[in-house]
Structures are given as structure tokens and as C-alpha cells.
Amino acid sequence: MLAPDLDKENSLQFSRFDLAHMLSTAARPIELDGKNWESAEHYVHAMLAGNQGLAEKTRSAATALDAYTLNKPWYRAKKRGWKGMRRVYMTRAVYTLVQMYSDVKEYLLDSEEQKISETALYDHYWGVGRDWRGENMAGRVWMDVRDKLRLLAAEPEFKEV
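Just so it is clear, the structure is predicted and the values come from calculations on it, not from any experiment.

### Details of the packing of helix H2 (residues 40-48) against helix H3 (residues 52-59)
Then, number 1: One can describe the packing of H2 onto H3 by two numbers: an axis separation of 8 Å at closest approach and a directional angle of 175°. Judged by the angle between their axes, H2 and H3 are roughly antiparallel. In this structure, H2 contributes His42, His45 and Ala46 to the contact, and H3 contributes Ala55, Thr58 and Arg59.
Then, number 2: Of the residues that constitute the contact of H2 with H3, the class distribution is two nonpolar, three polar and one charged.

### Section: the pattern of salt bridges
Then, number 1: Applying the stated criterion to the full structure yields nine salt bridges.
Then, number 2: Where Asp33 meets Arg92, a salt bridge forms, and the shortest distance between an N and an O atom there is 2.8 Å. One end of the pair, Asp33, is in the loop between strand S2 (30-32) and strand S3 (35-37); the other, Arg92, is in helix H5 (residues 82-100), and 59 residues separate them in sequence.
Then, number 3: For Arg92, a relative accessible area of 34% gives the class partly exposed.
Then, number 4: Salt-bridge contacts for Arg87 lead to Asp144; the nearest nitrogen and oxygen are separated by 2.3 Å. With Arg87 in helix H5 and Asp144 in helix H7 (residues 137-154), this pair connects stretches of sequence that are 57 residues apart.
Then, number 5: What makes Asp144 partly exposed here is its relative accessible area of 35%.
Then, number 6: In the salt-bridge network here, residues are joined through shared partners; they are Arg16, Glu41 and Asp123.

### A short note on the packing of aromatic side chains
Ring pairs (aromatic) are described by centroid distance and by the angle formed between their planes.
Then, number 1: Summed over the entire model, instances satisfying the criterion amount to four aromatic pairs.
Then, number 2: Aromatic pair Trp37 and Tyr43: ring centres 5.2 Å apart, planes at 80°, arrangement edge-to-face. Across the pair, Tyr43 and Trp37 agree in class, each one buried.
Then, number 3: Each ring, one from Tyr43 and one from Tyr89, has its centre 6.1 Å from the other, and the planes form 85°; the classification is edge-to-face. In this pair, Tyr43 sits in helix H2 while Tyr89 sits in helix H5, placing the two residues 46 residues apart along the sequence.
Then, number 4: Linked through ring pairs, Trp37, Tyr43 and Tyr89 together constitute an aromatic cluster.
Then, number 5: Against the face of Tyr68 rests Arg16, its NZ or CZ located 5.4 Å from the ring centre.
Then, number 6: We note Lys78 situated over the ring of Trp82; from NZ or CZ to the ring centre the distance is 5.4 Å.

The rules behind the values
- Residues numbered from 1 in each chain as written.
- Predicted model: local features only at pLDDT ≥ 70, side-chain atom pairs only at ≥ 80, totals over all residues.
- Heavy atoms only, no water.
- Axes fitted to C-alpha atoms, helices over the stretch in contact; angles between N-to-C directions.
- Helix = DSSP H or I, 4+ residues; strand = E, 2+ residues; numbered from the N terminus.
- Parallel < 35°, antiparallel > 145°, perpendicular 65-115°, else oblique.
- Contact = heavy atoms within 4.5 Å.
- Nonpolar A, V, L, I, M, F, W, Y, C, P; charged D, E, K, R; others polar.
- Salt bridge = Lys/Arg side-chain N within 4 Å of Asp/Glu carboxyl O.
- Buried < 20%, exposed > 50% of the residue type's maximum accessible area, 1.4 Å probe, protein only.
- Phe/Tyr/Trp six-rings, centres within 6.5 Å; stacked < 30°, edge-to-face > 60°.
- Lys NZ or Arg CZ within 6 Å of the ring centre and 35° of its normal.

Written out as C-alpha cells, the structure is:
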């Protein structure tokens, strides 16, 4: 008999597109790279777009899910090296979210050492997938940002002499 994986079962579970969840990357506008974005999802997918027209269309999409859907098809041109950059863009967007919204930052820090899992059933890169063997990159990004916030809070402040 298989034993349950309590690490997964007890994880803080969220969906990027659940507008009511504090860790949603689709719920709140951000300002990044000198532009206003409707959400972190808008930012990430516009940055991955292969041409300026698609990037602008993504940026002005009505919802975060629309921005995601615009760039999802395999036939859409992506920026060269996009696979290596997608985590970087999401990290920048999430870090910006916690800097702009103190309630999100507090919620994230209150999760302490709890594992964070993005429950996308059909996205094996950002989420856990139906079988929970996905990469859970969105959850990892949130945990990385949480670690960075703790590290910054633990550093002594610089004082001029």
C-alpha cells in the first residue's frame, strides 16, 4: 500500500488564476519596467511573446487568463531563449507584487516553511499537474521570494559612521 505524501497534502495550495487567493498572479496590477500591467501574468506572457505586436496584444488582454491563452499555442512565436527566461520573469513579477502589496507579503511570510503548490492540473511547468509530478515552478517562485524576504529581513541595516 502507498503511504500518503503529507508534504504535498499539507502544502499551501493555490491557483494562479483564482482571483480571490492572495498568491494569485492574476488578481492585482503591478508596475514593472516602467509600465503598468493588469497582472503579473500579463507581464510574464508579454515578455515571452516573440514579436512586439503580440506582446502589446498580450499586455492589453482583458484578463490574465486571456493573456496566458494568447501565448499558449505552440505555433505562437516566442522570444528566443524563452524557456530559460520564464522563471526569471515570473520571479520579477512576484517580487514586485510583494513589494507593492503589504498584505500579500504578510500572507507569504506567515506561511513560514510550508511548501507552496500551484494546483494547475494541465500545466506541468508552472503547476503540479494532475498526477502531482509537475515542476510546480510557480510554487517554487513564491517560496524563493519568501526566502529572499526573510534573508533581507535578517540582514543588519547599514549605518553610516
